[in-house]
Structure formats: structure tokens, C-alpha cells
Amino acid sequence: MESICVWGGVALQGKVHIQGSKNAALPVLAATLLTGDSSYIRNCPRISDVHAMVSLLRELGCEVNWKEDGVLVNPAGICLGEMKSDAVRCMRSSLCLLGALLGRCGEVVMEHPGGCVIGSRPIDLHIAALEKMGVSFAVEGSRLKAVVKRLHGAEIRLEKPSVGATENVILAGVMAEGDTILHGAAREPEICALCRYLENCGALIEGTGGETLAIHGGRTLYGTDYRVPSDRIVAGTYLFACLVSGGNILLEDAPASEMESVLRLCEQMGGHVCISEEGIYVQGPAVPKAGGYVRTAAYPGFPTDLQSVALATASVAEGETVIEETIFENRFRIVEELRRMGAEIEVLNDKKVLVRGVPYLTGCEVEAKELRGGAALTVAALRAEGRTTITGCSYIYRGYENICRDFKELGARIISV
Ligand code: EPZ
């Protein structure tokens with residue numbers, strides 16, 4: 001299934017279940033290596049990034065089996081921290097295995113995770129933090145080698161609230177001798193999910209959700225039964241799809257408490273939101289209103305992962321919207337594709353664009369160049385006249401279980417080919 005075809009003009013109606021969070025499931029799966037026995041990770045999304053992580057765990061010697069609604073991981077057979085798989089090269093999310101493997105095996109050899117289309121994705125913060133805990137690094141060609149004789153606690157300050165670096169410090173910290181105090185920690189809900197899993201396993205972590213964490217090491221960790229929270233980015237994607245199409249939908253199980261900045265923008269753009277135990281009801285306006293000034297920021301700011309979707313929505317809104325991307329250096333690749341559909345977007349500088357909304361876009365062939373940009377093109381196509389064909393959809397399946405099925409259940413005219 002490499003392409004998605006959408007015939008726009010249908011207002012989405014009905015309800016859609018929100019899948020488990022990709023960015024919570026991945027570090028939790030890495031953390032299953034730290035216990036001596038099996039963990040059952042429920043609500044694990046069936047997406048290609050998770051399948052790649054499962055392959056890596058198996059390559060490392062773990063027994064991993066999918067069950068009806070989750071993944072059972074038995075790390076007892078883990079051998080060594082040598083990851084040769086292609087999955088490492090193409091997946092940034094494997095980086096959280098670095099901290100877990102150092103905690104479990106004391107040694108990791110992996111392909112340098114490298115950059116991607118949205119940015120250079122450096123790992124200097126990961127390296128600097130883990131070196132303070134006693135880890136030595138060496139780069140051998142395209143490979144990164146990390147080894148530690150005695151993993152010990154440390155006081156660490158992150159210059160940027162890096163999600164991945166925070167996760168690696170937590171994963172190493174729970175296995176280190178002594179305590180680790182982490183200042184400048186990322187506060188994303190995915191960090192809280194990882195801490196909750198580890199606490200269920202017997203770890204002691206103080207300050208979860210805040211900028212300073214105290215991670216108490218040296219405790220024995222046991223496998224547990226854990227449910228991955230719903231995916232706030234998938235929920236936000238579908239919420240903006242409702243705005244774009246002028247629909248009326250229920251986002252079942254959506255994590256509303258993690259989406260304040262997103263719900264604020266949705267209401268600013270004319271959406272009516274009602275939160276209930278079932279999830280988030282959203283009613284879109286006939287025509288979205290402009291979003292004013294949208295600036296991405298670390299949590300609890302507006303998430304960079306929904307920036308492209310907000311841009312697509314602003315493209316068909318009444319009036320002008322300025323969008324500023326502060327997290328990644330190259331996250332406007334979707335602009336050229338939206339322009340092909342008739343969007344009026346002016347690039348003000350490499351971090352800022354001005355969008356002048358148009359009543360409708362025009363369907364044509366466009367290309368997904370990365371995960372969230374691909375999802376945003378699918379959203380834009382819902383308000384395009386005629387047929388839009390989105391190629392490069394394997395990117396979308398990295399983070400969305402089945403965007404076609406979900407939109408079709410909501411009444412969209414959409415097929416995957
Ligand atoms: C996580 O990536 C997410 N991925 C990203 O989601 C998300 O966009 C990002 O956090 C920000 O919220 C996963 O959780 C698997 P960072 P991560 O380290 O950890 C710079 C998606 O679409 N930085 O918080 O890689 C970095 O360049 C993906 O689901 C350094 O300078 O992001 C960026 O500018 C895309 N040095 C900023 O920090 C470092 O050592 C934030 O990056 C590390 C990061």
C-alpha cells in the first residue's frame with residue numbers, strides 16, 4: 001500500500017478509536033529489557049516503528065509475541081548490545097535502546113541513528129549525559145560504540161528539553177548505582193508514561209512530569225502488565241481533520257488532558273470541543289478560522305508533531321495564520337506539496353511561514369516525505385476538489401495504524417492502493 005487516494009468534500013461524521021501512543025510505546029518496549037521477567041504491554045499500536053522495535057528486541061535475544069491487544073516481552077534471553085539491523089539505521093526511536101542496553105548489558109554497538117528529513121537530529125545531549133554516568137563512547141565509521149564498567153548516578157543538566165535524551169537518562173538511571181538528578185528534563189506525556197511503567201516494575205522516580213527528576217538506581221525491577229496511553233498526536237491529527245472537513249466526530253479514548261494547547265488552537269480555529277469520559281467530541285465549522293500566530297514548543301507548548309497538520313488546516317481557513325517551528329530545523333517540507341494543491345503559503349524565513357487561507361484546495365498528486373507531513377497531506381485532501389493521490393505512504397504507516405480505515409469509518413471517500 002504505497003499510495004492513498006482521497007476524494008474531498010465530505011464532512012467527517014461518527015466516532016473513531018484513538019490508537020496507543022507510538023512515542024510512549026517505543027521507550028516502554030526498550031525499558032522491558034531492564035527487568036528479569038516478562039512484561040505485557042497492552043494497547044501497543046500496530047505500526048511499522050513498533051514492528052521495527054519488536055524486531056530489534058528479538059535480534060537482541062528477547063522473546064516477543066503479539067497477543068490480542070498487546071505485546072508480551074520476555075527479556076531473559078537477551079545476549080548482548082550489538083544491533084546490526086537496518087531498523088536502527090532508519091529509525092530514530094531505537095535510540096532509547098541505548099540507555100536500556102547500557103543499563104542491562106553495559107555495552108552497545110549500533111549504527112549511528114543519523115538525521116532525517118526534518119532535521120540533523122544530533123545526539124550530543126544523549127552522549128554528554130551518559131558520559132556523566134560513566135559511559136565511554138567511540139564512533140567507528142557509521143557505528144556508535146558505547147561501553148560502561150560501572151554505571152553510576154550523576155547530577156545532569158540538559159541544555160535543551162530533549163525527549164530522547166531524557167528517556168535515555170531515565171533508562172540508565174534506574175539501573176545505575178546511586179541516584180541521578182536530571183535538570184531540564186523534557187515534560188512530554190511520553191516521559192510520564194515511561195516513568196509509570198518503570199515505577200510499576202519497582203523503580204523509584206521522583207518529580208515525574210516536571211523539569212527536575214530524581215531517579216533512584218540500584219533497585220531490582222520486575223516485569224509488569226502495563227497499558228500504553230492513547231496517542232495525543234493521532235488524536236490531534238483527526239481533530240484537525242474534523243475542522244478541515246466541517247464534520248462532527250468523537251475521538252474515542254483521546255487523552256484530552258495531554259492536549260490543552262491543541263484544543264485551544266482548535267477552538268481558536270472555530271472548532272467546538274466537548275470532553276467526556278468517552279473522549280473528545282469535536283464539531284468543525286463550515287470554514288475554519290485562521291489560527292493567528294502558532295508557535296511550536298516543548299510540552300506543554302503546541303507540539304511540533306502537529307505543526308504540519310495545523311499548517312494544512314490553516315491553508316483552507318478564513319484569513320491569515322503565521323506558523324513558527326522552533327524544535328526542528330526542516331519541518332516545512334509539506335509547503336511545496338500544499339502549494340501544488342493551491343495553498344497560498346509564503347516562507348518568511350527557515351522557521352516561519354505565513355499562510356493565506358483559500359476556500360478549497362485542488363486535488364492532485366502529492367508526495368509524503370516524512371511521517372507527520374504525510375498525515376497532514378491526507379488531512380488537506382479532505383478539503384480538496386477532485387482526487388488527491390498521496391504517494392510515499394509508508395512514512396504514514398510508521399505512526400498511524402490505518403489512517404485510511406479510520407477516515408473511511410468517518411465517511412471519507414478514501415482508499416489505499
Ligand atoms: C521525540 O524525538 C519524538 N520521537 C518526536 O516525534 C518529537 O517530534 C520530538 O521528540 C519532540 O517532541 C519519539 O519520541 C520517537 P528531541 P526526539 O530529542 O527525542 C535537539 C514523530 O513524528 N537535540 O526532543 O528525537 C533536536 O535536534 C517524531 O513522532 C539536540 O540538539 O526529539 C531537536 O531540535 C518526530 N541534541 C530538539 O533537540 C540531542 O542530543 C528536540 O529533539 C538531542 C536533541
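Per chain, the residues get numbers from 1 upward, laid out in the order the sequence is written. Local features in this predicted model are restricted to residues of pLDDT 70 or higher, and side-chain atom pairs are both shown and tallied only at a pLDDT of 80 or more, whereas totals for entire chains, interfaces and linings draw on every residue. Water and hydrogen atoms play no part in the side-chain values, which are based on all heavy atoms of the structure.

J.: Please provide a residue-by-residue account of the site of the ligand, values included.
T.: Put simply, a residue is near a molecule or strand once any heavy atom of it comes within 4 Å of that molecule or strand. Taken together, 22 residues lie near the ligand, and Asp 124, Ser 162, Val 163, Asp 305 and Ile 327 sit nearest. The term polar contact refers here to a pair of N or O atoms within 3.5 Å; inside protein, the definition further demands a hydrogen-donor-capable atom paired with an acceptor-capable atom, and it admits residues adjacent in sequence only when both atoms are side-chain atoms. Here an oxygen atom of the ligand sits 3.2 Å away from a polar atom, N or O, in the main chain of Pro 122. Compared with its free state, where it exposes 820 Å², the ligand has 89% of that area covered by protein. Put simply, the parts of the chain that give the shell around the ligand at least two residues each are helix H1 (22-31), helix H5 (124-132), helix H6 (163-173) and helix H12 (371-381). The element that contributes the greatest number of residues to the shell around the ligand is H5, accounting for three residues. Accessible surface is estimated by sampling points in the Shrake-Rupley manner with a 1.4 Å probe; for residues, cover comes only from the protein chains shown. Going along the chain from the N terminus, every DSSP run of H or I of four or more residues is numbered as a helix, and every run of E of two or more is numbered as a strand.

J.: Tell me about the packing of H1 against helix H4 (residues 96-104), and please be specific about residues and values.
T.: Helix-helix packing is characterised by the crossing angle of the two axes and by the distance between the axes. Running from N to C, H1 and H4 cross one another at 15°; their axes reach a closest spacing of 8 Å. Classified by the angle between their axes, H1 and H4 sit roughly parallel to one another. For the crossing formed where H1 meets H4, the hand is right-handed. Of the residues in H4, those touching H1 at Leu 26, Pro 27 and Ala 30 are Cys 96, Leu 97 and Ala 100. Partitioning the contact of H1 with H4 into residue classes produces six nonpolar, no polar and no charged. Simply put, an axis is a line fit to the C-alpha atoms, just over the touching stretch for a helix, and the angle between two N-to-C directions goes from 0 to 180 degrees. For classification purposes, angles smaller than 35 degrees are called roughly parallel, those larger than 145 roughly antiparallel, those between 65 and 115 roughly perpendicular, and all remaining angles oblique. What makes a crossing left-handed is the near helix being turned counterclockwise from the far one by less than a right angle; a clockwise turn instead makes it right-handed. Residues count as neighbours in contact if any of their non-hydrogen atoms are within 4.5 Å of one another. In this classification, the charged set is Asp, Glu, Lys and Arg, the nonpolar set is Ala, Val, Leu, Ile, Met, Phe, Trp, Tyr, Cys and Pro, and all remaining amino acids, among them Gly, are polar.

J.: How would you summarise the environment of Ile 414 if you had to cite specific residues and measurements?
T.: Relative to the helices and strands, Ile 414 is located in strand S26 (residues 413-416). The spatial distance from the C-alpha of Ile 414 to the C-alpha of Ala 381 is 9.6 Å, given a sequence separation of 33 residues.

J.: Tell me about H5, and name the residues and values.
T.: Only protein chains enter the accessibility calculation, which uses a 1.4 Å probe; a residue whose area is less than 20% of its type maximum is buried, one above 50% is exposed, and one in between is partly exposed. For H5, every residue scored as buried is listed here: Leu 125, His 126, Ile 127, Ala 129 and Leu 130. In this structure, the buried residues of H5 make contact with H4, strand S8 (136-140), strand S9 (143-147), strand S10 (155-157) and H6. A positive phi of about 105° marks Gly 134, the residue just after H5.

J.: How would you summarise the sheet that holds strand S13 (residues 212-216) if you had to cite specific residues and measurements?
T.: The pairing criterion is simple: DSSP has to find at least two bridges between the two strands. Strands sit in the order S10-S11-S13-S12 across an open sheet of four strands; the sheet is mixed. The open sheet is flanked by S10 and strand S12 (204-206), the only strands paired with a single partner. Within this sheet the neighbouring strands show an average axis-to-axis angle of 15°, counted without direction. Along the sheet face, H6 touches S10, strand S11 (179-183), S12 and S13 and points at about 25° away from the line of S13.

J.: Requested: an account of the sheet that holds strand S19 (residues 320-324), with residues and values cited.
T.: Reading across from one edge, S18-S19-S21-S20 is the order of the four strands in this open sheet, with mixed pairing throughout. Two strands close off the open sheet at either side, each with one partner strand: strand S18 (292-295) and strand S20 (344-349). Taken over all neighbouring pairs, the strand axes of this sheet differ in orientation by 20° on average, direction set aside. Across five bridges, the pairing between S20 and strand S21 (residues 352-356) is antiparallel. Across the sheet, Val 347 pairs through a bridge with Val 353, a residue of S21. Sheet strands touched by helix H10 (residues 307-314): S19, S20 and S21. Its angle to S19, the strand with the most contacts, is close to 165°.

J.: Can you explain the pattern of salt bridges? Please cite residues and give values.
T.: It is possible for side chains of opposite charge to pair when their charged atoms get near one another. By definition here, a salt bridge exists when the distance from a side-chain nitrogen of Lys or Arg to a carboxyl oxygen of Asp or Glu is within 4 Å. Here the structure, examined in full by the defined rule, presents 19 salt bridges. Here Glu 337 ties to Lys 369 by a salt bridge, and the two come within 2.9 Å at their closest N and O atoms. Of this pair, Glu 337 sits in helix H11 (residues 334-340) while Lys 369 sits in the loop between strand S23 (365-367) and H12, and the two are 32 residues apart along the sequence. The burial state of Glu 337 is the same as that of Lys 369; both residues are buried. Linked through salt bridges whose partners overlap, the residues forming this network are Arg 333, Glu 336, Glu 337, Arg 340 and Lys 369.

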